[in-house]
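Topology and contacts: notes
These are the residues of each chain, in order.
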Amino acid sequence: MSEDVRLVAWVRGNVQGVGFRWFTRAKALETGGLRGFALNLGDGRVQVVAEGPRDRCERLLEWLQTGDTPGHVDGVTEIWDTPRGGYDGFAIR
């Protein structure tokens, strides 16, 4: 198993009002072992925070960048960090 990490991704494009956060949560739960949230930001982006094994966070990031997501993704900016904890499952905020 790979080390636990924290992924913070900001997704740009037509990603609000199209079920993007719900599908992101579903993908995180399908991937398994991820905790965190998906949040609409005031500027039209969606912020995704995921903590868990690196390989599973990478799988979620790949889906955000190239997967069959609702709406249309123009780009994703991500940073990697050490986990902070405090999440109970994967939430929509």
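Throughout, a residue's number is its position along its own chain's written sequence, starting from 1. Only residues with pLDDT of at least 70 are given local features in this predicted model, and only at 80 or more are side-chain atom pairs given and counted; all residues enter the totals for whole chains, interfaces and linings. The side-chain quantities take in all heavy atoms of the structure and omit both hydrogens and water.

Looking at an unreviewed UniProt entry, one finds the protein named Acylphosphatase and attributed to Streptomyces albogriseolus.

**A look at a nonpolar patch on the surface**
On the surface, W22, F23 and I92 cluster together into a nonpolar patch covering about 320 Å² of accessible area. Numbering goes from the N terminus for both helices and strands, where a helix is a DSSP run of H or I of at least four residues and a strand is a run of E of at least two. Along the chain, F23 turns up in helix α1 (residues 20-31). Surface patches are defined over residues having more than 30% relative accessible area and no salt bridge, joining like charges when they lie within 9 Å and nonpolar side chains (Val, Leu, Ile, Met, Phe, Trp, Tyr) when within 5 Å. Here the open area of atoms and residues is found with the Shrake-Rupley method and a 1.4 Å probe, where only the protein chains shown may cover a residue. Put simply, a salt bridge is a Lys or Arg side-chain nitrogen that is within 4 Å of an Asp or Glu carboxyl oxygen.

**Quick look at the pairing of strand β2 (residues 35-40)**
The side chains of a regular strand alternate between both faces of the sheet. The sheet contact formed by β2 and strand β3 (residues 46-53) spans six bridges and is antiparallel. Looking across to β3, one finds that N40 is bridged to V46. We call two strands paired when DSSP finds no fewer than two bridges between them. Between β2 and the antiparallel strand that follows it, β3, lie five residues; G44 among them carries a positive phi value of about 95°. Judged from the three bridges that link them, β2 and strand β5 (residues 90-92) form a sheet pairing that is parallel. Each residue of the ladder has a partner; that of G36, found in β5, is F90.

**Examining the sheet that holds β2**
The five strands are arranged β4-β1-β3-β2-β5 in an open sheet whose pairing can be described as mixed. Looking along the sheet, the strands with just one partner apiece sit at the ends: β4 (72-81) and β5. Here the average twist between neighbouring strands, direction ignored, is 15°. For this analysis, residues touch if any pair of their heavy atoms sits within 4.5 Å. Only the contacting stretch of a helix is used when fitting its axis, a line to C-alpha atoms as for every element, and angles between N-to-C directions run 0 to 180 degrees. Relative to the sheet, α1 contacts β1 (4-14), β2, β3, β4 and β5, its axis offset from that of β5 by approximately 175°. Lying over the sheet, helix α2 (residues 54-66) contacts β1, β3 and β4, oriented at roughly 155° with respect to β3.

**Section: α1**
To estimate the expected span of a helix, subtract one from its residue number and multiply by 1.5 Å. Taking 1.5 Å per residue as the helical rise, α1 with its twelve residues ought to reach 16 Å, and the 16 Å between its terminal C-alpha atoms agrees with that figure. Categorising residues by exposure relies on relative accessible area from a 1.4 Å probe, with only protein chains included: less than 20% of the type maximum marks a residue as buried, more than 50% marks it as exposed, and the intermediate range marks it as partly exposed. Here α1 has its buried residues at F20, T24, A28 and T31. Projection of α1 onto a plane perpendicular to its axis shows the buried side chains occupying an angular sector of 75°, all on one side. Exposed and oriented more than 90 degrees from the buried face of α1 are W22 and E30. Looking at the buried residues of α1, the elements they touch are β1, β2, β3, α2, β4 and β5. Phi turns positive one or two residues past the end of α1, at G32, with a value near 85°. Here the arc refers to the set of directions running from the helix axis out to each C-beta atom.

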